[in-house]
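Chain by chain, the residues run as shown.
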Amino acid sequence: CKKLSGTVSLSEPAPAAGAIVTISDTLAAALPPATLKFLPGEVTRKFTMKTVAVAEDTSGDVSVTLGPQTLSRPLTLRRIGLYSLSVSPSTIVGGAGAAGVARLECAAGPGPITVHLSSSDPSVVVPTVASIEIPAGATSGGFAVQTSEVLASASPKVLGNAGGLARSRTIRVV
């Protein structure tokens, strides 16, 4: 769901007429430009490649061709992951609850994305559910957090994981 940037470098400056490099790939979810035009004398050009969300990590190759020469490089597109985790309020009186929000890197796709939730110290703070499902097209989902009464202040973390990316948020329980 993010744009990628690439760089193509020629072994020598482009001729007076310029040069056109063709770009292709073996990934259905990667959309490079079909061609890249080098102006006379240029050696390096950057390009942007669009991607679409994938359900599983997907690997393939991106190739550039100039005349009879083709050069390929590997590219792996990964699933959308967890961008951030927040809990409000961040300081809580033990025994009270709080509201959490899990935010994704991009809108969920191609289907829903599951965010797994846990705690670094379940005796002090715990999400009330083990996971939430963020529906396709949405960028965030909410969950509740419950705390226990404490004799001394504690600073446990609420933990989240989606798409192989883990995030945490420290909560101060007083």
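Sequence positions are assigned chain by chain, starting from 1 and proceeding in written order. For this predicted model, a pLDDT threshold of at least 70 governs which residues receive local features, and a threshold of 80 or more governs which side-chain atom pairs are given and counted, while totals over whole chains, interfaces and linings are taken from all residues. Computation of side-chain values covers all heavy atoms of the structure but excludes hydrogens and water.

> Outline the pattern of salt bridges, supporting the account with residue identities and numerical values.
Any carboxyl oxygen of Asp or Glu that lies within 4 Å of a side-chain nitrogen of Lys or Arg is treated as forming a salt bridge with it. This structure, assessed with the given rule, holds three salt bridges. The closest approach of N and O atoms between R45 and E42, which form a salt bridge, is 3.2 Å. Burial here depends on accessible area, computed with a 1.4 Å probe over protein chains only, as a share of the maximum for the residue type. Under 20% is buried, over 50% is exposed, and the range in between is partly exposed. For R45, a relative accessible area of 28% gives the class partly exposed. Of the charged contacts in the structure, one is a salt bridge between E105 and R78, with a shortest N-O distance of 2.7 Å. One end of the pair, E105, is in the loop between β10 (97-104) and β11 (113-119); the other, R78, is in the loop between β7 (69-77) and β8 (82-88), and 27 residues separate them in sequence. For R78, a relative accessible area of 42% gives the class partly exposed. The helix and strand labels rest on DSSP assignments: H or I over at least four residues marks a helix, E over at least two residues marks a strand, and numbering proceeds from the N terminus.

> Outline the side chain of T147, listing residues and values.
Within the secondary structure, T147 sits in strand β14 (residues 140-147). For the purposes of these results, a polar contact is taken to be a pair of N or O atoms within 3.5 Å, where, inside protein, one atom must be able to donate a hydrogen and its partner to accept one; residues adjacent in sequence count only when each atom of the pair is a side-chain atom. A polar contact is formed between the side chain of T147 and the backbone oxygen of A96, at a distance of 2.6 Å. Residues in contact with T147, not counting those within four places in the same chain, are I92, V93, G94, G95, A96, V124, V125 and V173. Contacts between residues were defined by any pair of non-hydrogen atoms, one from each residue, lying within 4.5 Å.

> Could you give me a rundown of unusual backbone geometry, with the residues and numbers involved?
Here S88 and P89 are connected by a cis peptide whose omega angle stands at 0 degrees. Take P89: it is sitting in the loop between β8 and β9 (91-92). Along the chain, G109 connects to P110 via a cis peptide bond; the corresponding omega equals 0 degrees.

> So what's going on with the sheet that holds β14? Residues and values would help.
Pairing between two strands requires that DSSP report at least two bridges joining them. In space, the four strands of this open sheet follow the order β8-β10-β14-β12, with antiparallel pairing throughout. Unpaired on one side and paired on the other, β8 and β12 (125-127) mark the two borders of the sheet. Taking the axes of each pair of neighbouring strands and ignoring which way they run, one obtains an average angle of 25 degrees across the sheet. Relative to β14, β10 runs antiparallel, the two sharing seven bridges. When the sheet's bridge partners are listed, A99 is paired in β14 with A144. Axis lines are fitted through C-alpha atoms, for helices just across the contact stretch, and the angle between N-to-C directions can take any value from 0 to 180 degrees.

> Would you mind going over the sheet that holds strand β15 (residues 157-162) in detail, with residue names and values included?
Ordered by their spatial adjacency, four strands build an open sheet running β13-β11-β15-β16, and the pairing between neighbours is antiparallel. For this open sheet the edge positions go to β13 (131-134) and β16 (165-170), each flanked by a neighbour on one side alone. Averaged over all neighbouring strand pairs, the angle between strand axes comes to 20 degrees, with direction disregarded. Direction of pairing for β11 relative to β15: antiparallel, over a ladder of four bridges. Within β15, the position partnered with S119 by the bridge is V158.

> Tell me about the state of the cysteines, residues and numbers included.
Any cysteine sulfur atom paired with another within 2.5 Å is treated as part of a disulfide. Per the counting criterion, the structure on display carries one disulfide. There is a disulfide in this structure between C1 and C106, and the S-S distance comes to 1.9 Å. On the sign convention where negative is left-handed, the bridge of C1 and C106, at about 70 degrees about the S-S bond, is right-handed. Placement of C1 in the segment before β1 (4-9) and of C106 in the loop between β10 and β11 is noted, with a sequence separation of 105 residues between them.

> Lay out the environment of G109 in plain terms, naming residues and giving numbers.
Position of G109 relative to the elements: it lies in the loop between β10 and β11. Linking G109 and A136, residues 27 residues apart in sequence, is a C-alpha distance of 4.9 Å. With residues up to four places along the chain from it excluded, the contact list for G109 reads A53, V54 and I80.

> Could you give an account of the nonpolar core, naming the residues involved and the relevant values?
The nonpolar core is taken to be a set of buried Ala, Val, Leu, Ile, Met, Phe, Trp, Tyr and Cys residues, with the residues joined through side-chain atoms within 4.5 Å. Counting 24 residues, the largest nonpolar core has V115, F143, V145, V158 and I171 as its most contacted members. Put simply, the parts of the chain that give this core at least two residues each are β8, β10, β11, β13, β14 and β15. With residues near it in sequence (within four places) discarded, I171 still touches V87, S90, I92, V125, V145, A154, S155, P156 and V158. Counting residues in hydrophobic clusters, the runner-up holds 18 residues, among them A14, I23, V64 and L77.

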